[in-house]
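A look at the structure
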Amino acid sequence: MSASPFSLSGKTAVVTGAASGIGKATAEALAAAGAHVVVADRNMAAARAVAAALPSAVAVEADVTDEAAIETMLSAAPGPVDILVNNAGLAIRRPAVDLTAGEWNKVVDVNMTAVFICSRAAARRMIARGSGGAIVNVASIMGLSGGGLYPNISYQTTKGAVVNMTRALAVEWAPHGIRVNAVAPTYVRTPFIKPITDQPDLVAKIEAMTPLRRLAEPEDVASAILFLASPGASMVTGHTLPVDGGFLAQ
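First, a word on scope: everything that follows refers to the structure included in this document.

Thresholds applied
Residues numbered from 1 in each chain as written. Predicted model: local features only at pLDDT ≥ 70, side-chain atom pairs only at ≥ 80, totals over all residues. Heavy atoms only, no water. Axes fitted to C-alpha atoms, helices over the stretch in contact; angles between N-to-C directions. Helix = DSSP H or I, 4+ residues; strand = E, 2+ residues; numbered from the N terminus. Parallel < 35°, antiparallel > 145°, perpendicular 65-115°, else oblique. Left-handed = near helix turned anticlockwise from the far one by under 90°. Contact = heavy atoms within 4.5 Å. Nonpolar A, V, L, I, M, F, W, Y, C, P; charged D, E, K, R; others polar. Salt bridge = Lys/Arg side-chain N within 4 Å of Asp/Glu carboxyl O. Buried < 20%, exposed > 50% of the residue type's maximum accessible area, 1.4 Å probe, protein only.

Between helix H3 (residues 67-75) and helix H4 (residues 101-129), whose axes approach to 10 Å, the crossing angle comes to 45 degrees. One finds that H3 runs oblique with respect to H4. Crossing hand, H3 versus H4: right-handed. Listed contacts from H4 to Glu-67, Ile-70, Glu-71, Met-73, Leu-74 and Ser-75 of H3 are Ile-117, Cys-118, Arg-120, Ala-121, Ala-122 and Arg-125. Residue classes in the contact of H3 with H4 are distributed as 7 nonpolar, 1 polar and 4 charged.

And the structure:
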């Protein structure tokens, strides 16, 4: 029997922001598909707990805004890095006229610059090895739409940048067999949007705006990431896949 096109047996994957939410669900999905997973997060205690529950995983403390820490993160992988998932993210929800330059830069550093630096570091290794690889970035529906339920200019801008960065890197690295794609989740039930999920009326409003009439679960996004990281998506690169219950189709 031939192997499943979604099997990651023998592959090594690095997931940033993997201690909770989408990152945790992604680490679990990749591990279930057979990958050795590096669970990278600033919260080392939580990262260790996630890694301990997986069949073949290691936890690494990593600040994705620190280039030296990124190199350490990739070097900690139990084998050559085949898959990188850029999931770590930050949101500072504030009206544009009130957002400081320091706050803007903080979000840019995590959501945009770190995606580039992590991708560049992983791609250098993949190119040197000559065996290709897959990079999956976590963007957002807010990177494809200017609308939102509250002012979030730095988040929307950086996630839009991730969408176009995904295209640019996909074209540049295609000759090396490196595929670069992204997912664009809707509102996902994670601690990241706790200020929203703590407001039942606001949740009901989002559900009413969503054709499938529900918020996403972390596993919904992780499954899309698994697909894009797997051999089953071997002809897919440069694309952003909305995981949004039909939100952007309207």
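Still to come is the rest of the account.
What follows deals with unusual backbone geometry. Although it is not a glycine, Arg-213 sits at a positive phi angle of roughly 60 degrees. Relative to the helices and strands, Arg-213 is located in the loop between helix H7 (200-209) and helix H8 (218-229).

Attention now moves to the pattern of salt bridges. Applying the stated rule across the entire model yields 9 salt bridges. We note a salt bridge from Glu-67 to Arg-120, for which the minimum N-O separation is 2.9 Å. Note that Glu-67 is positioned in helix H3 and Arg-120 in helix H4, a separation of 53 residues in sequence. Under the relative-accessibility criterion, Arg-120 is labelled partly exposed at 23%. Of the charged contacts in the structure, one is a salt bridge between Arg-189 and Glu-217, with a shortest N-O distance of 3.8 Å. Here Glu-217 lies in the loop between H7 and H8 and Arg-189 lies in the loop between strand E6 (178-185) and helix H6 (194-197), a separation of 28 residues in the sequence.

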